[in-house]
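Chain and residue survey
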Amino acid sequence: MAQLECNIQKAFRRGEEAPGFQLDVCLECDAGITVLFGASGAGKTLTLDSLAGFLAPDGGRILLHDRILFDSQSSVFMPPQRRGIGYVFQNYALFPHMTVEQNLAFGIAHTPALERHRRIREMLDLFGLTAHAARMPRDLSGGEKQRASIARALIRQPKLLLLDEPVRGLDYQLRHDFYAVVRNIRQSYKIPILLVTHDVTEGFVLADRIAVYRAGRIVQTGTPDEVFLHPRNAAVARLLGITNVFSGTVEELDPMSDTSVIRTSTFPVKGPYLPGRLRGDKVWFCISSEHVALSAAAANDRARDNQIPVSIVEEIPTPSTIRLLLRVHGEAGSSNGSGTPSQIETEISRAAYNKLGLATRKDWTATLPKAFIHIFPEQSE
Amino acid sequence: MLRQIDWFPLWLSLKVAVIATAISLAGGLLLAYVLARRRFRGRNILDAVVTLPVVLPPTVLGYYLLVLLGRSTPLGRAFEAVFGFPLVFTWQAAVVAATIHSVPLLVKSARAAFESVDRNMENAARTLGASEWRIFFRVTLPLARRSIMAATIFAFARALGDFGVTIMIAGNIPGKTQTMAVAIYDAVESGNTLLANAMVLVISAVAIAILYGMNRLEGDRLF
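Residues numbered from 1 in each chain as written. Chains lettered and ligands numbered in written order. Predicted model: local features only at pLDDT ≥ 70, side-chain atom pairs only at ≥ 80, totals over all residues. Heavy atoms only, no water.

Once that is clear, we can look at the overall build of chain A. Along the backbone of chain A there are 9 helices and 21 strands. Seen along its three principal axes, the alpha-carbon backbone of chain A occupies a region of about 80 × 50 × 40 Å. With 381 residues in all, chain A has 52% of them scored as buried. Accessible area for chain A stands at about 17800 Å²; split by element, carbon and sulfur atoms hold 50% of it. In chain A, the 43 positive side-chain charges and the 41 negative ones have mean positions that sit 3 Å from each other. (Helix = DSSP H or I, 4+ residues; strand = E, 2+ residues; numbered from the N terminus. Buried < 20%, exposed > 50% of the residue type's maximum accessible area, 1.4 Å probe, protein only. Areas by Shrake-Rupley, 256 points an atom, 1.4 Å probe, with all protein chains shown as cover. Lys, Arg positive; Asp, Glu negative; His and termini not counted. Charge placed at Lys NZ, Arg CZ, Asp CG, Glu CD.)

Structure, rendered in structure tokens:
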């Protein structure tokens, strides 16, 4: 049995925070980091608020370590005070009129003085805040505020830790410091940690499991690898930042050679065999940009799959790579709407970019390796 | 010259205003917090009832109170049974008048002050195990402190200056229920300009001091 089991529904009526919005979430978590990923307004924070008890769902059940926090059928609603959950707010919500030490002491006011003192020292030490114990929150840097907020949430030894977009507004270095802090927490506290983000990289860096949110529902859960390599549908793929999402019809199916051929409006694509599909079915598929290989047009090798003649239309540099927008030949600049693969995106390392000598050449071949073509088993909405 | 002036109305006014402000503060803060943070049936009606004294003419309000608290009414009788004297036309009635006159302002400003407190602060306190009372006294109230102090001073000024409600339910009994505002009216009516001038000056000085104090609390100084 998972440490946290959450199955909740809530409808937001007119005049509430999110009118017409429907939250319907089913989530199971064990010790480790579960990243709740999705666009803003998809219901991630509402999930945290329901778990913490700030929000009463209309129906469902929340179990934490076999304790019932909420159950609509037996009308159990445990107040937030008794749930034993640590919450790190987006703005940290440190009490501005108390010192760091007083902030930490607030949660353990009923502990004997000696024990309280010891635990505060321990937390200050663990989060590198000993020198700042007597400071007010307004005199702390962003990273220090964040650490103080996490320390305050952990000092009561919660059974679940919730983090709502904790790195928002922090610079690159502080983000990476934070990732190290969260990994340490995962090591030393064997509790489920739920972290809300809409940053794909963060999800990948931190998550043991990712839950992808869309319009109030979790549409897919899995390890980061599972989710990124096998998005459930086109919408999830796009949420994850995969731009090469195309539609086509099944033209050939060959289970013997584990092959299927999908005819798009511009070119045929060979992919892995699709069980349970028929010829003529309309399907969607995707390939993430770093798996698209680029080679000189002359080096066209017939033996390889999915060789597509292209020309480079745009180069977008990123810190470690170059993203290239490629136009498929024979598709004279038509629109890129509704899954028509007139444009493919690839991402290559700077070293490879320099080796190819891109600027000098016009005609190229893009290769979409069959193994990385992911065909959605589910109809995209 | 000052010897000739009877300072009783000033002391009575101050006494009445201090007590009325204390009552307004105790009841008003709670009411304001409930209106700011709780969602319940009849919240709008409660809000309207609290605001009513601001819109009603003071004499109308005084008349309602007279009808409600007079010697023959249940409330009036209850008061008399408990305290041994009738409420109306005593200085205690002036306290009731001043309270009713000042409480809506206090509730309005305190409510705005509570609403401006980041809810995450209160929610954070909840996850840290704090009871609702502890949250109110340790988190919400301290964070709204400045605005509430300003609101309290404002309520005190209102309590000090009430005329209409006071004269309706406390009357104008010199040495007993005659507050400053009533005494000034009385002095002008009877042509006692010296007395009227002295009292007007004192009240004006108090009012300016209050204004100064409020501006200090709001952050920018008047002087």
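From this point on, the discussion continues.
Another point: the overall build of chain B. A count of helical and extended segments in chain B gives 11 helices and 0 strands. Reading chain B from its N end, one meets helices and strands in the order α-α-α-α-α-α-α-α-α-α-α. Taking the principal axes of the C-alpha coordinates as reference, chain B spans close to 65 × 50 × 30 Å. Within chain B, the fraction of its 223 residues that count as buried is 44%. Counted over contacts in chain B with a minimum sequence separation of 6, partners at least 24 positions apart contribute 70%. Carbon together with sulfur atoms contributes 67% to the accessible area of chain B, which is approximately 11500 Å² in total. When the 21 positive and 12 negative side-chain charges of chain B are each reduced to one mean point, those points stand 8 Å apart. (Contact = heavy atoms within 4.5 Å.)

On to the packing of aromatic side chains, then. Tallied over the full model, the rule gives 18 aromatic pairs over all chains. Ring centres of Y87(A) and F89(A) lie 4.2 Å apart, and the angle between their planes is 15°; this geometry places the pair in the stacked category. Given a relative accessible area of 3%, Y87(A) falls into the buried group. The rings of Y33(B), F114(B), W133(B), F136(B) and F137(B) are connected pair by pair, giving a single aromatic cluster. Its end group placed over the ring of F95(A), R152(A) keeps NZ or CZ at 4.6 Å from the ring centre. (Phe/Tyr/Trp six-rings, centres within 6.5 Å; stacked < 30°, edge-to-face > 60°. Lys NZ or Arg CZ within 6 Å of the ring centre and 35° of its normal.)

Glancing now at the interface of chain A and chain B. Chain A puts 18 residues into the contact, and the matching count from chain B is 19 residues. Each partner contributes to the roughly 1700 Å² buried at the junction of chain A and chain B, and carbon and sulfur atoms together form 66% of this total. Sorting the residues of chain A by area buried against chain B places Q81(A), H97(A) and F106(A) first, and these three jointly supply 35% of that buried surface. Our enumeration of links across chain A and chain B arrives at 0 salt bridges. Inspection of the chain A/chain B interface yields 7 residue pairs in polar contact (both at pLDDT 80 or more). (Buried area = accessible area lost by both parts, 1.4 Å probe. Salt bridge = Lys/Arg side-chain N within 4 Å of Asp/Glu carboxyl O. Polar contact = N/O pair within 3.5 Å; in protein donor to acceptor, adjacent residues only side chain to side chain.)

This part is about the sheet that holds strand β16 (residues 293–296) of chain A. Residue and element names in this part refer to chain A. The strand order β16-β20-β17-β18-β19 describes an open sheet built from 5 strands, whose pairing is antiparallel. In this open sheet, the two strands that pair with only one neighbour each are β16 and β19 (343–349). The mean inter-strand angle of the sheet, taken between neighbouring strand axes irrespective of direction, is 45°. As paired strands, β16 and strand β20 (residues 363–367) are joined by 4 bridges and run antiparallel to one another. Bridging across to β20, S295 finds its partner in T365. (Pairing = 2+ DSSP bridges. Axes fitted to C-alpha atoms, helices over the stretch in contact; angles between N-to-C directions.)

What follows covers the pairing of strand β5 (residues 67–71) of chain A. Residues and elements named next belong to chain A. Relative to β5, strand β4 (residues 59–64) runs antiparallel, the two being bridged by 4 bridges. Within the sheet, the bridge partner assigned to L63 lies in β5 and is I68. Once β4 ends, the chain turns through 2 residues before running back antiparallel as β5, passing H65 with a positive phi of about 50°. For β5 and strand β6 (residues 76–77), the ladder comprises 2 bridges, and the chain directions are antiparallel. Each residue of the ladder has a partner; that of F70, found in β6, is F77. The hairpin turn running from β5 into β6, its antiparallel successor, is 4 residues long, and S75 in that turn takes a positive phi close to 40°.

Counting residues in hydrophobic clusters, the biggest one holds 45 residues, and the most contacted among them are F127(A), I150(A), L161(A) and I185(A). Listed in part, the 43 residues of the second largest apolar core include M98(A), L160(A), L162(A) and A124(B). (Core = buried A, V, L, I, M, F, W, Y, C linked by side-chain atoms within 4.5 Å.)

This part is about the confidence of the model for chain B. Residues and elements named next belong to chain B. The pLDDT averaged across chain B works out to 89; a share of 96% of its residues lies at or above 70. Within chain B, helix α11 (residues 193–218) has the poorest average pLDDT of any element, 85, and helix α6 (residues 119–127) the best, 96. Listed scores for the predicted complex are pTM 0.84 and ipTM 0.83. (pLDDT = per-residue confidence, 0-100.)

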